[in-house]
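# Descriptive analysis of the structure
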Amino acid sequence: MESPASPSTGALPYYVAFSQLLGLTVVAVTGAWLGLYRGGIAWESALQFNVHPLCMVIGLVFLQGDALLVYRVFRKEAKRTTKVLHGLLHVFALITALVGLVAVFDYHRKKGYADLYSLHSWCGILVFILYFAQWLVGFSFFLFPGASFSLRSRYRPQHIFFGASIFVLCVGTALLGLKEALLFQLGAKYSTFEPEGVLANVLGLLLIGFGVVVLYILTRSDWKRPHQAEEQALSMDFKTLTEGDSPSSQ
């Protein structure tokens, strides 16, 4: 078993801290963009649309990214506690994103605008459906009692792959939405280095940076959660009572 000072994990806390710095900066810059150039946020006014980008960035980018990092951050905590935290963060992300979706559809209805005609909106609906389906299947396999260890083990690689893929799609969809908003608002002035365009471009780079750092942490095999002795013991005890399979760590 690796020691807390193992060279292979020594840099992990710094990368995690950097990811959080980037993530919080993304949320702050999104708020600053909406406040400085889009009038702020309100539900019952023309500012209702601004609820959408803020909620989507908080939910499907920042909170989802943090949910993916749970198994890297809490490497020595009880598996069940870590699993519940992973699921709860995804629930908060899902609820926040749902508020953002309701805001934009309600705004379009009030203004008489068409829905779901742009590439951004198509990608947005797709990733939300995929994210919701991923959460439901993950809950059924890993949190809801009943799924066998062998079934969980077979599905775990797909769960991890689709989780990371959906996160990438969410970051890409956010970038599409940011570009669409700038073209609608600035038009030809976008090419004249308008301050709003510059700030939004910085926000786009921050989104990319957050996504890259989260993915780097996730793909480092030596930073995966190690097997815990108590989990192995429980697995062997359970093996004698069931079909003879044992769980693996994520």
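These numbers come from a predicted model, not from an experiment.

A count of helical and extended segments in the protein gives seven helices and zero strands. In the protein, the succession of helices and strands from N to C terminus is α-α-α-α-α-α-α. Counting over 250 residues, the protein shows a buried share of 43%. The contacts in the protein between residues at least 6 apart in sequence include a share of 73% that link residues at least 24 apart.

Glancing now at the environment of Leu85. Inspection of the secondary structure puts Leu85 in helix α3 (residues 79-111). By relative accessible area, which is 31% here, Leu85 ends up partly exposed. Measuring from C-alpha to C-alpha, the distance between Leu85 and Ala67 comes to 7.8 Å, with 18 residues separating the pair along the chain. The contact partners of Leu85, leaving out residues within four places of it in the chain, are Val70 and Phe74.

This part covers a nonpolar patch on the surface. Taken together, the side chains of Trp43, Ile95, Leu98, Val99 and Val102 present a nonpolar region at the surface, about 410 Å² in accessible area. Structurally, Trp43 is set in the loop between α1 (12-37) and α2 (51-73).

This part takes up the side chain of Arg225. Topologically, Arg225 is positioned in the loop between α6 (195-219) and α7 (229-239). At a separation of 2.8 Å, a polar atom in the side chain of Arg225 contacts the main-chain carbonyl oxygen of Phe74. For Arg225, the side chain forms a polar contact with the main-chain oxygen of Arg75, separated by 3.5 Å.

With 25 residues, helix α4 (residues 119-143) extends 34 Å from end C-alpha to end C-alpha; this agrees with the ideal 36 Å at 1.5 Å per step. Listed in full, the buried residues belonging to α4 are His120, Ser121, Gly124, Val127, Phe128, Tyr131, Gln134, Gly138, Phe141 and Phe142. Contact partners of the buried residues in α4: α2, α3 and α5 (149-186).

With that settled, consider the packing of aromatic side chains. In total, this model carries 12 aromatic pairs according to the counting rule given. A centroid spacing of 5.3 Å and a plane angle of 70 degrees characterise the contact between Phe161 and Phe162, whose relative ring orientation is edge-to-face. Three or more aromatic residues joined by ring pairs form one cluster here, namely Tyr15, Tyr216 and Trp223.

Moving on, we get to the nonpolar core. Counting 46 residues, the largest nonpolar core has Leu203, Leu207, Phe210 and Ile217 as the members making the most contacts within it. Of all the secondary-structure elements, those providing two or more residues to this core are α1, α2, α3, α4, α5 and α6. When residues in this core are grouped by element, the largest group, 11 residues, is from α2.

A word on the environment of Gly65. Take Gly65: it is sitting in helix α2. Measuring from C-alpha to C-alpha, the distance between Gly65 and Gly211 comes to 7.7 Å, with 146 residues separating the pair along the chain. Setting aside its immediate chain neighbours within four residues, Gly65 contacts Phe167, Phe210 and Val214.

Okay, the UniProt feature "transmembrane region" (unreviewed entry) in the protein next. Here the UniProt-annotated "transmembrane region" (unreviewed entry) positions come out as residues 12-36, 56-74, 86-105, 125-147, 159-178 and 198-218. Secondary structure within residues 12-36 divides into 100% helix and 0% strand; the distance between the first and last C-alpha atoms comes to 36 Å. The span residues 159-178 is 100% helix and 0% strand, and its two end C-alpha atoms sit 29 Å from each other.

The backbone phi angle of Leu116 is positive, close to 55 degrees, even though this residue is not glycine. Considering the arrangement of structural elements, one finds Leu116 in the loop between α3 and α4.

This part is about the side chain of Gln64. In this structure, Gln64 sits in helix α2. Using a relative accessible area of 1% as the deciding quantity, one classes Gln64 as buried. Polar side-chain contacts of Gln64 include one of 2.7 Å to the backbone oxygen of Leu60. Apart from the residues within four sequence positions on either side, Gln64 is in contact with Gly59, His90, Ala93, Tyr131, Gly163, Ile166, Phe167 and Cys170.

Criteria and cut-off values
- Residues numbered from 1 in each chain as written.
- Predicted model: local features only at pLDDT ≥ 70, side-chain atom pairs only at ≥ 80, totals over all residues.
- Heavy atoms only, no water.
- Helix = DSSP H or I, 4+ residues; strand = E, 2+ residues; numbered from the N terminus.
- Buried < 20%, exposed > 50% of the residue type's maximum accessible area, 1.4 Å probe, protein only.
- Contact = heavy atoms within 4.5 Å.
- Patch = residues over 30% accessible without salt bridge, like charges linked within 9 Å, V, L, I, M, F, W, Y side chains within 5 Å.
- Areas by Shrake-Rupley, 256 points an atom, 1.4 Å probe, with all protein chains shown as cover.
- Salt bridge = Lys/Arg side-chain N within 4 Å of Asp/Glu carboxyl O.
- Polar contact = N/O pair within 3.5 Å; in protein donor to acceptor, adjacent residues only side chain to side chain.
- Expected span 1.5 Å × (residues − 1).
- Phe/Tyr/Trp six-rings, centres within 6.5 Å; stacked < 30°, edge-to-face > 60°.
- Core = buried A, V, L, I, M, F, W, Y, C linked by side-chain atoms within 4.5 Å.
- UniProt positions renumbered as here; feature names shortened; annotations may be inferred.

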